Structures are given as C-alpha cells and as structure tokens.
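Descriptive analysis of the structure
The lines below spell out each chain.
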Amino acid sequence: MNEVPVTVTVNDERYRAFVEPRKTLADFLREDCVLTGTHLGCEHGVCGACTVLIDGDAVRSCLMFAVQADGAEVVTIEGLAPPGELGPVQEAFREEHGLQCGFCTPGFVVSVHAFLAANPRPSRTEIREALSGNLCRCTGYQGIVRAVERVAAGIAGAPTAAPTATGDEAAS
Amino acid sequence: MSTAAPATPTAARFIGTSVKRREDRRMLTGHGHYIDDVVVPGLLHAAFVRSDLARGRITRLDVEAARELEGVRAVYTAADLNGGQHEYWQTMVGRDAPYPPFRALADGDVRYVGEPIAIVVADTRYIAEDGCELVEVDYDPLPPVLDPHVAADDTEQVVHPELGTNVASEIPAMPNPDLEAAFASAAHVFEETISQHRHLQVPMETRGLVAHWDPGARTLRIWASTQSPHEYRAFFARYLAIPENCIRVTMDDVGGGFGQKVFAMREDMTVVLATRKLGRPIKWIEDRRENLVAASSARAEDVRVRMAVDAEGRIQAVDVEHTEDVGSYPVPGPGSSAAFTAMMFTGPYKIPRLGFRNRAVFTNTNGRAPYRGPWMMETVGREIMMDLVARELGLDPAEFRLRNIVRSEDLPFTTPTMMVYDSVTPHETLLQAVDLVDYEAFRAEQERARAEGRYLGIGISVYVEPSSMGFGLMSQEVATVRVDSSGKVQLIMGTASHGQSLETTMAQIVADHLGVDIDDVVFIQGDTDIAPYNAGTGGSRSAVYSGGAAREASVRVHEKAIEIVAHAMEAAPEDLEIDGGVISVRGTPSRSMTLREVAELAYVGTDSLPPGMEPGLEATARYKGPRFTWSNAAHICTVEVDVATGHVTILRYVVSEDCGVMINPMVVDGQIDGGVVQGIGGVLYEHMIYDDNGNPLTTTFLDYLVPTAAEVPDIEHGHIETPAPGNPGGYKGMGEGGAIGSPPAVVNAVADALAPLGIRVTNQPLGPNDVFALVEAARAATT
Ligand code: FES
Ligand code: FES
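Residues numbered from 1 in each chain as written. Chains lettered and ligands numbered in written order. Predicted model: local features only at pLDDT ≥ 70, side-chain atom pairs only at ≥ 80, totals over all residues. Heavy atoms only, no water.

**Considerations on the overall build of chain B**
- Scanning chain B from N- to C-terminus turns up 20 helices and 28 strands.
- For chain B, the C-alpha radius of gyration of 28 Å lies close to 28 Å, the compact-globule estimate for 783 residues.
- Structurally, chain B occupies a C-alpha span of about 95 × 70 × 50 Å along its principal axes.
- Within the span of chain B, comprising 783 residues, buried residues form 64% of the whole. (Helix = DSSP H or I, 4+ residues; strand = E, 2+ residues; numbered from the N terminus. Rg over C-alpha atoms; globule rule 2.2 N^0.38 Å. Buried < 20%, exposed > 50% of the residue type's maximum accessible area, 1.4 Å probe, protein only.)

Structure (structure tokens):
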C-alpha cells in the first residue's frame, strides 16, 4: 500500500514518518512514536481510552488517521508532566484512588485536562457529564469523580488548581 | 525455625491504612506495560476469520487468496493446526470434569457466531485483517439451539454432536422427604421463577497474547494478559504435550479481567499452535467486537424457587431448580457455577432445609466464563424472592429479613449445605445499612412522593460471600521474601494482580511483618520462571491466601534477622525490635544494626552467624488456608422510576460490609465500588442480545451499554470489622462482593417503586423499554 509522509509534533518532539493513509493516529502514536500510554479500548470512538490533545482539544485518536494530524501539535499522556513527575490531575487520581487496572486511566487523565481547562470550577453533575465519554470498568467512577473535584478545588497537592502542565503549553 | 506468626505485627504502620498505590505512578504517566505494548524482534500479527453463523456445516473454506496476499506469512485452518492438540483440561476443575469437545479452530461445522475458523498471520495487523477479508467460507445452515430449557431435553438438535446431549453438567434432585414435609405443612408456600440475562465481563483491555515457539531451543514463551500465568503454563504443557519447564509465561500490567482472563481460550490455543508451526513470535490483540461477541459471557440463567414460610414469617424450606445457559465452549469444565449457587443459596438466613437441582445447558452462543461472583444467582434468586414473599405476607422486606437473618448468637451457624459460618455479621451489616440510608425516613418520603404520583423505591440485598475458597489448586499460596545484600526487600509472588492493588497491599503486609519501610519493598509477580507455582488472582482470595503467604514469609525473615542480630550484639532476641529496617535493643536505640548490616553478615560474613544457621536472608512460605473465609455485606439502593419513560434513577446506594481486618480501606472501598457499578450496569444497561437466529445484536459499545460516570450514583460505605478466625491476619476476601450484592438491590428497589401499580419484577434487564413494558402491562390489566 502507498505510504505518505507525515510530520506530527508530539509532546514537543517532532516525529516524521511514512505511513499508510489508513493508519490511525492511535496506531501511529503507539507504533511509530512508541508512546504506548495511549490505549485502545474499542477502536470505535466510545470508550475514550485513546484520548489525546490536539491543538488543545481532547480527540479520540482511534477515530482519526495519522495523515489528518499532519502538522498538528499532539499531547499524549506521556507529555502531561515532566518525566517522572505527576501533574495535578495525575496526583489527584492517585490521592483519590481513581484507577485500578490503569487501562482507561490515560484517556481519563487527558480528557480531564481538556475539561478543566475549559471549565475550571465544575459542579459534580458537570463532572459526571464530562466524564461520560470515557469508560472505566474497575472503579465505578467514584475515585475519578473525586479526583476531578479535588483538582478543581485546588487541593491536589500542586501549586495551582488549573492543569498547567506541559500539555497546555504545548497545546497553546 | 518457628512458623508461628505473632498475633500482631511488630509495628502496624501500614496495615489498616489507606496507603496510596505503588502501581499508580507508571499507570498515570502512560508507562504501564500492557499486552499490546509487548514488542519482540520478528513479531508477526494475527487476526481471526470467525463464523457469522450460529450453527451449520462448513461446505467450503478457501484460504488461497489470503495466502497469496503480500505480507501474509501464514493462513491456518483446523486441518493445519488441530492435530497439534493433546490434552485439554483446566487445573482448577481437573482432568475428570465434564468438558465440551475441544478444538482450536472450527472443523467441519460452526457452533456459535464468532467461532474462530481460520487464523491469518501477517507482518502487520492491518495486513492480517486484509487477509481475513479474502478468506471465503460457505455454510449449510442448521437450526440454532438457543433456549436452554428446550435444549436440555433435546437429543436431536444438539450443539455438540459428539456428546449427543445438550446437558453440559447436572446436579440431580435428591429425594428429600423432610423438605417435602416442610412444604406440606407450611402456613404459606410461594413459587416464582427469577432470571438474569446474559452479561459480559468487559475488561477495558481486551484479551490478547504474544507467543513464541523457539524451534532451536524447543521452548515456548508466552506474554499473556492473564489472571493466572501458572495456569497458562500448566495448560499449554498438557495441550502441547511438552514439559512445563520448557514454557515461560509472563504477565505485566493487565487491564482488567473479572474472570474472563483466568483460563486459556481458543484464540490463545490457536496462536500457540500457529507459532509452534511457524517458529515466529505472533501477537494477537482482540478487538472490541470480538470481545463483545466471542470472548465469553456470563449470568444467563434462571431459578424456579419455592419457599415455605411459617405463620410467624420464618422460612422453613427453599427448593430451587436452576438452569444455566453455558453457551458452546464454556470455561472451566462445563462452565457451571451451580455447586456454589446451591451451597450459598440460603445465604445469610436461618433456612433449615434446601432442595436444589441444576442443569447447565449448551447452546449455540458465546461460552460462559467466570464473572465476578460466578455463583451469584443464589443472591439474585434469594434476595428477589425475599422481597416478593415479604410483600405477599404484608411484611416490610427489612422486617422479613430481620425475622430470618443469622445473628451473632447463632454462631457458629451450620447451613443446610453443611457450611459452617464461624464469623459473619449479616445482622449487623443490615442494621448498619438501614441506619446509613435512614430507612424509616425514606419510607416516609416514599409515602409523600406516592401521594404526588412519583414512584420511589428501596431495595435491600444481603449476602454471605464464600471468599478465598480453599479447594485443590486454590488451597494454598506462596511468597518469597528476600532481603538482598543491600538490605532492600524483594517480594516474589505467584499472584497476577490486574487492578486489585496487590503491589501495594502485599507490600504493606511485608513492611509491617518484616519491619521495613514500604518503599524498600519491591513486588515481583507474573513470571513463571521466577515466581513459584501458584493459582493466580481471582476468587476473592488474595488477601487471605497471598496475604497469608506474604505474612508468613516476612515473619520468618524477621525472626532470622533478629537471631542474627542477637548473636552479633550478644543480646536476647526478645529484647530486640525492628522498625524501618533497623534492629535495635528495645529502649537502647544506640545499640542497633541496619538490615543492610544483617544482610552483609547473612551473605558475606557468614562466620559471624549463629552456629549452625543457614546463610542467607530470605524465606519462601507456602500458606495453606481454610476451606472458606466468609465475608458478608448488606446493600441498600433507593431509586425513582419515571413511569412515563421507564427510566430508573438511582438516588442513593449504601453498602455495609465486613471483610475482617482491612489491609487498605481505600482499596476495599474501591473494590466494592467497581463491583457495585458492574451490578448496576447489569440490571439497568448491559444486555448481550441474540436474535432468533443466534446472531449477536450488541457488537459495539453503542449497543452493549457499559455504565458511565453520568449514570452512576455516589456509593456510601459502612464497615463492620470482624477479624476472620481462620487466618492469622484476620482478613476476609471481598473482591467479588460488590457485583454479587448489587443486582438484586437494584431490582428490589425498582420493584418496590412499582409495587403500587401491582407490578412484580422477576426478570432483568430493567432498561427503560423493559420498565415501560411492565407499566403498560399493569395498566392494561387494570383497565
Ligand atoms: S479506543 Fe478510541 S474511543 Fe475507544
Ligand atoms: S481502572 Fe481499569 S478500566 Fe478504569
């Protein structure tokens, strides 16, 4: 099959590759960029495990082709905090037991970043609505909802409440 | 060396506290390592051609075009692979259990939609799927066997012609004159059939594996997404007739299992046979459609329950006829959970007599596999029956339960199935849950709401969980605790934690019982070359069994370290204590040695060890536990039903549970929550649907509805902490309980809400259409 060149900036690093036009962005990130934190839970746009930020917006990378991301700025779970560190959302998930098996977690954390950037002081109902695009089978969502409330209340053990980790900078 | 464990840790710093998880950092930063992240040199990718017919003969199977496709390395059918199979059986149920006829790939006929027919192995997954498109299959359709009640007595239309019957396994009715006499003389006898529909386990990470047969070394390497690496190794040793020591199975992070990932299934077998033939590493990652259609299913079963009650509302006898739909290729064995359903049917109540019969029936559907509390039809059947009967008797469901529930003064209590509850608290948890939800206040509110034409309901469910069942392979667990030469600790276990947080909780146990900081303990699991033979993770057994082993190994190392220091410092062992990796003379902290110094003596300065002591500072303990460790809980759910739309809204959800000593309360609550939401999902949203031809209709997450955060209530917890008498830590397993207790609580709440309309709820699911249909039928009946 014909391969075409793409250039994508992921977590502030530039990746150039030749890919088949049908290759999904998720597979490009996982295989060509070896950023395996982006997970595939359904490959049909429902579970949210594959969520990444593209130019600041939360996007399902299973529903997009790599060629469509040509020239875009992508932030994945690996790029939300400096290596070895947890950003405020990640810290809150840990504090509130917002993960068990961890498979859905990258998608939730990335989605929450985008959500809180747009709505830094959400109500509990707004949080539950916002999270409804991501599926988790382990936690019953209890710790995840608490984690988002914790970040919004500015008690995640981080200097600021808003998610200002590298993700937002790269996306801006 | 003494094996008697002290009753309490030297310093209980970690056990009992909500230590934050040690798993989290890697998972939160995208550095978890799941099966699809495994890459090895020369890796090929597999995809399956599957049946799109429920039952029929294969009249033509043409794989030539697929074989020709560039990038395809192999296409195999039954003719190529099935001859490589030897024995097929699972260790847990043993060689002599009844099994479906086994085959990796469909051979000559198909028996459910999704049955694997051919495997395409290619350079990329994309090409493998292209190859699948080129495989042509023609069928001669046969009428599918779909209704287990019909199929059970049918010897003409059979799922497995080799067997000549659709009955996979059976528990026959026993003549029981005492039981019949109780029914004959009872003041009241009630009968009802209660069912639950087909649910799916739905781990967010689908199944998958990488397998590599090395033809030079003649070894098999499997990277698995499994709950039990050793079962995979043992299974494939038998399956391929090669020694276990030629197989290495490892698992890393696993994205959920819920029972689906305990046993090797047909795709695993096919991939292993394919690599054996090809000598190249092959990866197969299930896609979601495959997972929803062909991985495994659960819960498709019903019970016909007769209940005899005396004039005071005390239950005298229960008689149960249980039918399970086990699909076509269930695991393990015949896929039946009936023995445990029978065993637990009387649950937390003083019911003196039980009759039970079961038939597990093959159908042309996705095979049954364990799902969180596989036997939980007992709780569903009993707790829904409790409410139905209470209403008939004019008693409040809480009151009816209180008249029958096992109380502390009844202990030890022997059930009619000869189970002995030594330490359970169903009465206490029920009272606590009633208190937490403020039952009386809700009844008053319900009264007011009814006056306004709103339908509120409250549902109770109480159960006893037979956690940590100590049968066969499951009767023991093992841990190695090793202090390395730098004084740090390795904990090596045969567990396969996949969300249960064992990396944290087991380290808590070691830290306390050895006397080190938790950050000095590294947890290693999931590698059959490193970890001793073991049953893995499932069956709510890790706290009791793995915890028991970790504790015992820690205690032994602790005692040895104390002996070494006592000898080196000329102190009495009983004057020494260890904390934070430092052993000191009690009251004289200046006289101390670090664990590092002890390790140096143990490995290098061996002449300074006590005379006759074996060098080294490690211990492996195998813990054999009791047959049962009973935990228990009471769930109460309140709902509002919109009778105009059939929509059910959960208002509150309260759980009071007793899992003995809690190693990590945060983890306990997290396990409860996950299970409760799976149960809520099962009642209100999830339903794997087949049409009349055996075609699955719920093939995506748009059709099979897993609950999201928007549908789920806040879950409130209460705890009663009664230490288990049967294990030194006092732990009770609880991982499955949430999923056991929640479905009948939700059903009963909906039924309670609709009771003024004369509606009785015995079936699930209770999605808006189902509830609306109940309301319509009730209205039609009264007009
Ligand atoms: S994998 Fe993309 S939404 Fe599920
Ligand atoms: S933590 Fe396992 S799916 Fe969310």
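**With respect to the domain arrangement of chain A**
All names here are of chain A.
- Domain boundaries assigned for chain A yield domain 1 (4–79) and domain 2 (88–159).
- The interface is formed by 16 residues belonging to domain 1 together with 12 residues belonging to domain 2.
- Between domain 1 and domain 2 lies a buried interface of about 1000 Å² when both sides are counted; carbon and sulfur atoms form 66% of it.
- Our enumeration of links across domain 1 and domain 2 arrives at zero salt bridges. (Domains from an automatic or database assignment. Contact = heavy atoms within 4.5 Å. Buried area = accessible area lost by both parts, 1.4 Å probe. Salt bridge = Lys/Arg side-chain N within 4 Å of Asp/Glu carboxyl O.)

**Points about unusual backbone geometry**
- Residue P332 of chain B is bonded to the preceding V331 of chain B through a cis peptide linkage, with omega at -15°.
- Along the chain, the position of P332 of chain B falls in the loop between β14 (315–327) and α10 (338–343).
- In this chain, L411 of chain B is followed by P412 of chain B through a cis amide linkage whose omega measures -10°.
- On the secondary structure map, P412 of chain B appears in the loop between α12 (397–404) and β16 (413–414).
- Here V34 of chain A, not a glycine, exhibits a phi torsion of approximately 50°, which is positive.
- You can see V34 of chain A is positioned in the loop between α1 (25–32) and β3 (51–54).
- Backbone geometry at F258 of chain B places phi at a positive 60°, although glycine is not the residue there.
- Residue position: F258 of chain B is located in the loop between β11 (247–251) and α8 (266–278).
- The exposure class assigned to F258 of chain B is buried, which follows from its relative accessible area of 12%.

**Considering the domain arrangement of chain B**
Residue and element names in this part refer to chain B.
- Entries for chain B in the domain assignment read domain 1 (24–31 + 471–624) and domain 2 (401–468 + 627–782).
- A straight line from the C-alpha centre of domain 1 to that of domain 2 covers 39 Å.
- Taken together, the contact pairs 16 residues of domain 1 with 20 residues of domain 2.
- With both sides pooled, the region where domain 1 packs onto domain 2 buries about 1500 Å², and carbon together with sulfur makes up 58% of that total.
- Looking at the side of domain 1 facing domain 2, the largest losses of area belong to F471, S540 and V544, adding up to 37% of the total buried there.
- At the junction of domain 1 with domain 2, the criterion picks out zero salt bridges.
- On inspection of domain 1 and its partner domain 2, the count reaches seven residue pairs in polar contact (both at pLDDT 80 or more).
- Secondary-structure elements contributing two or more residues to the side of domain 1 that touches domain 2 are α15 (502–515) and α16 (542–569).
- Of the residues in the side of domain 1 that touches domain 2, the class split is six nonpolar, eight polar and two charged. (Polar contact = N/O pair within 3.5 Å; in protein donor to acceptor, adjacent residues only side chain to side chain. Nonpolar A, V, L, I, M, F, W, Y, C, P; charged D, E, K, R; others polar.)

**As for the packing of helix α7 (residues 229–240) of chain B against α8 of chain B**
Residues and elements named next belong to chain B.
- Two elements in contact, α7 and α8, have axes separated by 12 Å at closest approach and are oriented at 60°. What the angle tells us is that α7 and α8 run oblique. In this structure, α7 meets α8 at a crossing whose hand is right-handed. Together, Y232, F235, F236, Y239 and L240 of α7 and D268, M269, V272, L273 and R276 of α8 make up the contact between the two elements. (Axes fitted to C-alpha atoms, helices over the stretch in contact; angles between N-to-C directions. Parallel < 35°, antiparallel > 145°, perpendicular 65-115°, else oblique. Left-handed = near helix turned anticlockwise from the far one by under 90°.)

**Considerations on the confidence of the model for chain B**
Residue and element names in this part refer to chain B.
- When pLDDT is averaged across chain B, the result is 96; 99% of the residues are at 70 or more.
- Considering only residues more than four positions removed or in separate chains, one finds that residues 1–9, a stretch of pLDDT under 50, has 20 contacts.
- Predicted as a complex, the structure gets a pTM of 0.95 and an ipTM equal to 0.96. (pLDDT = per-residue confidence, 0-100.)

**Regarding the nonpolar core**
- Among the nonpolar cores identified, the biggest contains 143 residues, and F93 of chain A together with F701 of chain B are the most heavily contacted of them.
- At nine residues, the largest contribution of residues to this core is made by helix α19 (residues 737–754) of chain B.
- With residues near it in sequence (within four places) discarded, F93 of chain A still touches G98, L99, T105, F108, V109, V112, I144 and A147 of chain A together with L28 of chain B.
- Formed by 51 residues, the second largest nonpolar core is a distinct cluster that contains I509, V516, I564 and A571 of chain B. (Core = buried A, V, L, I, M, F, W, Y, C linked by side-chain atoms within 4.5 Å.)

**Observations concerning empty space enclosed by the protein**
All names here are of chain B.
- Here the structure, examined in full by the defined rule, presents six cavities of 30 Å³ or more.
- Considering only enclosed or pocket space, the largest cavity measures out at about 180 Å³ in volume.
- Lining the largest cavity are 22 residues, with Y112, M265, R266, Y329 and V331 sitting closest to its centre.
- Mapped by element, the contributors of at least two residues to the lining of the largest cavity are α8 and α9 (288–295).
- In terms of residue count, the dominant contributor to the lining of the largest cavity is α8 (three residues).
- Its residues placed into classes, the lining of the largest cavity shows 13 nonpolar, four polar and five charged.
- Roughly 60 Å³ of internal volume is contained in the second largest cavity.
- Surrounding the second largest cavity, 13 residues form its lining, Y463, A633, E657, M734 and G737 being those nearest its centre.
- Counting only elements with at least two residues in the lining of the second largest cavity, the list comes to β18 (455–467), β26 (629–642), β27 (647–658) and α19.
- In terms of residue count, β26 provides more of the lining of the second largest cavity than any other element does, four residues in total. (1 Å grid on protein atoms, 1.4 Å probe; cavity = no way out; pocket = protein on both sides within 12 Å on 5 of 7 lines; lining within 4 Å. Points joined across faces, edges and corners; volume = space filled by probe spheres on them.)

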